[in-house]
Amino acid sequence: MVAELRQQALACLLLTDPLKKVADTQALYLRWQAGQLMLSADNLVLPDLPGRPDKPELVMPRDLPRRRNSAETGVATLIHAINHIEFNAINLALDAVARFAGLPRDYYADWLRVAYEESQHFVLLRDHLLSLGYYYGSFPAHDGMWEMAQKTHHDPLIRMALVPRVLEARGLDVTPKIMEKLRGTGDMRAVEILEIILREEIGHVTVGTRWFNYLCDQRGLDSLTTFKELLENYFDGELRGPFHTEARKQAGFTDAEMALLEGR
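So, here is what we can say about the structure in this document. All residue numbers refer to position in the chain's written sequence, counted from 1. Reporting of local features is limited, given that this is a predicted model, to residues whose pLDDT is at least 70; pairs of side-chain atoms are given and counted only at 80 or more, and all residues count toward the totals for whole chains, interfaces and linings. To get the side-chain values, all heavy atoms of the structure are used, and hydrogens and water are removed first.

## Details of the packing of aromatic side chains
Between rings of Phe, Tyr and Trp, where Trp is taken as its six-membered ring, a pair exists when centres lie within 6.5 Å; planes separated by under 30 degrees are stacked, by over 60 edge-to-face, and by other angles tilted. Within this structure, the stated rule accounts for ten aromatic pairs. On the basis of an interplanar angle of 85° and a centroid distance of 4.9 Å, the ring pair of Tyr107 and Tyr108 is categorised as edge-to-face. Like Tyr107, the residue Tyr108 is buried in the burial classification. Each ring, one from Phe227 and one from Phe253, has its centre 6.1 Å from the other, and the planes form 65°; the classification is edge-to-face. Remark: Phe253 occurs in the loop between helix H9 (245-250) and helix H10 (255-263) and Phe227 occurs in helix H8 (residues 223-234); sequence separation between them is 26 residues. Burial classification: accessible surface area is computed with a 1.4 Å probe over protein chains only, and a residue below 20% of its type maximum counts as buried, one above 50% as exposed, and the rest as partly exposed. Helical segments are the DSSP runs of H or I of at least four residues, strand segments are the runs of E of at least two, and each set is numbered from the N terminus.

Given below as structure tokens:
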């Protein structure tokens, strides 16, 4: 019997061991590329939470210790925070594959590729963290990205608008400054890793843009009006610049959307 893509993505999503999740996600991507998986339009039952390890301890954002460079930890807490974002990004991409049924085949191909690339980012950062004397789980983290996944679990249009085009797009905005900070510390390997991540994250936000616009078209909705309404309903003025306009435009943001963001 031929294995089914979305069931297999769900199996990866439920794995708690990060390295097992990485290995199985990468294997799943290669099996899909080789044409070894079928695609079903069945609705799957997904849990509220993905599989994840006992560490890092998850706390409210306000309870996180401030990330200051110190003689003891150096930039490790910053690298750890980004590592945690990439672990969440693997789960979010797998969830986008498994959760939403009946979309075009290219939708699932796009999000499986995103999961594959996020898993590569996770390993790059984990390995660098190990070289600094720490591991994924050494410091507490927050669960903000998955909380937005839970709020958007009922509608792929809202998921596409708010996870890749808001939360992940924030990475486009802040990564250049983080790279500048890391250059100042002399951690050039971290800068190299973030250059890879920034380049590929533009592609991931592009995927979100593509499928947000597709779903708006399918429903006869104006994409700008819809995006504006979703920002107002879910973020209530919390989204502020500065924005990396060049990267966002490469990722499909229109001039009107950038004006909307800047105007907030």
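And the narrative resumes.
## Some details on the environment of Asp42
Looking at the element boundaries, Asp42 is found in the loop between helix H2 (18-33) and helix H3 (76-99). Along the sequence, Asp42 and Asn213 sit 171 residues apart, while their C-alpha atoms lie 24 Å from each other. If we skip the residues at most four places from it in the chain, Asp42 touches Arg6 and Ala101. Only heavy atoms matter for contacts: two residues are in contact if any of them lie within 4.5 Å across the pair.

## Description of the pattern of salt bridges
Criterion for a salt bridge: a side-chain nitrogen of Lys or Arg within 4 Å of a carboxyl oxygen of Asp or Glu. Across all of its chains, the model carries 15 salt bridges by this definition. The structure contains a network of salt bridges with shared partners spanning Asp95, Arg99 and Arg159.

## What to know about empty space enclosed by the protein
Of the two site types, the cavity is a set of points on a 1 Å grid over the protein atoms alone where a 1.4 Å probe fits but cannot get out, and the pocket is an open set with protein on both sides within 12 Å along at least five of seven lines, each lined by residues with an atom within 4 Å of a point. Grid points are joined across faces, edges and corners, and a volume is the space filled by probe spheres set on the points. Tallied over the entire structure, the rule returns one cavity of 30 Å³ or more. Each pocket or cavity is described by its volume, and for the largest cavity that value is around 40 Å³. Lining the largest cavity we find Leu92, Ala93, Ala96, Trp111, Arg159, Val163, Pro164 and Glu168. Among the elements that line the lining of the largest cavity, the one with the most residues is helix H6 (residues 156-185), at four residues. Partitioning the lining of the largest cavity into residue classes produces six nonpolar, no polar and two charged. When residue character is reported, Ala, Val, Leu, Ile, Met, Phe, Trp, Tyr, Cys and Pro are called nonpolar, Asp, Glu, Lys and Arg charged, and the others, Gly included, polar.

## A look at unusual backbone geometry
Put simply, Lys55 and Pro56 share a cis peptide bond, and its omega is 10°. As for its placement among the helices and strands, Pro56 is situated in the loop between H2 and H3. Going from Gly241 to Pro242, the amide bond is cis rather than trans, its omega being 5°.

## Some words on the layout of surface pockets
Roughly 170 Å³ of internal volume is contained in the second largest pocket. Together, Arg170, Asp173, Val174, Pro176, Lys177, Ile178, Gly241, Pro242, Phe243 and His244 line the second largest pocket. Its residues assigned to classes, the lining of the second largest pocket comprises five nonpolar, two polar and three charged.

## Looking at the side chain of Ser119
Take Ser119: it is sitting in helix H4 (residues 105-131). Think of a polar contact as two N or O atoms within 3.5 Å of one another; within protein, one of them needs to be a possible hydrogen donor and the other a possible acceptor, and neighboring residues in sequence only count if both atoms come from side chains. A distance of 2.9 Å separates a polar atom in the side chain of Ser119 from a polar atom in the side chain of Gln26.

## So, the side chain of Thr209
Along the chain, Thr209 falls in helix H7 (residues 188-219). Non-local contacts of Thr209, meaning those with residues more than four positions away in its chain, are made with Arg165, Ala251 and Gly252.

## Digging into the environment of Arg199
With respect to the element layout, Arg199 can be found in helix H7. Given a relative accessible area of 55%, Arg199 falls into the exposed group. Through-space distance from the C-alpha of Arg199 to that of Leu172 is 9.0 Å; in sequence the pair is 27 residues apart.

## Comments concerning H3
Helix length check: H3 (24 residues) gives 34 Å between terminal C-alpha atoms against 34 Å at 1.5 Å per residue, within 8%. Among the 24 residues of H3, 22 are classified as buried, and the element is accordingly described as predominantly covered. What a helix should span is 1.5 Å times the count of its residues minus one.

## Section: the nonpolar core
Counting residues in each nonpolar core, the largest one holds 82 residues, and the members touching the most others are Tyr107, Trp111, Leu182 and Phe227. Ranked by residues supplied to this core, first place goes to H7 with 13 residues. Excluding residues that lie within four positions of it along the chain, Trp111 makes contacts with Ala93, Ala96, Val97, Met160, Pro164, His204, Val207, Gly208 and Trp211. In plain words, nonpolar cores are sets of buried Ala, Val, Leu, Ile, Met, Phe, Trp, Tyr and Cys residues tied together by side-chain atoms within 4.5 Å.

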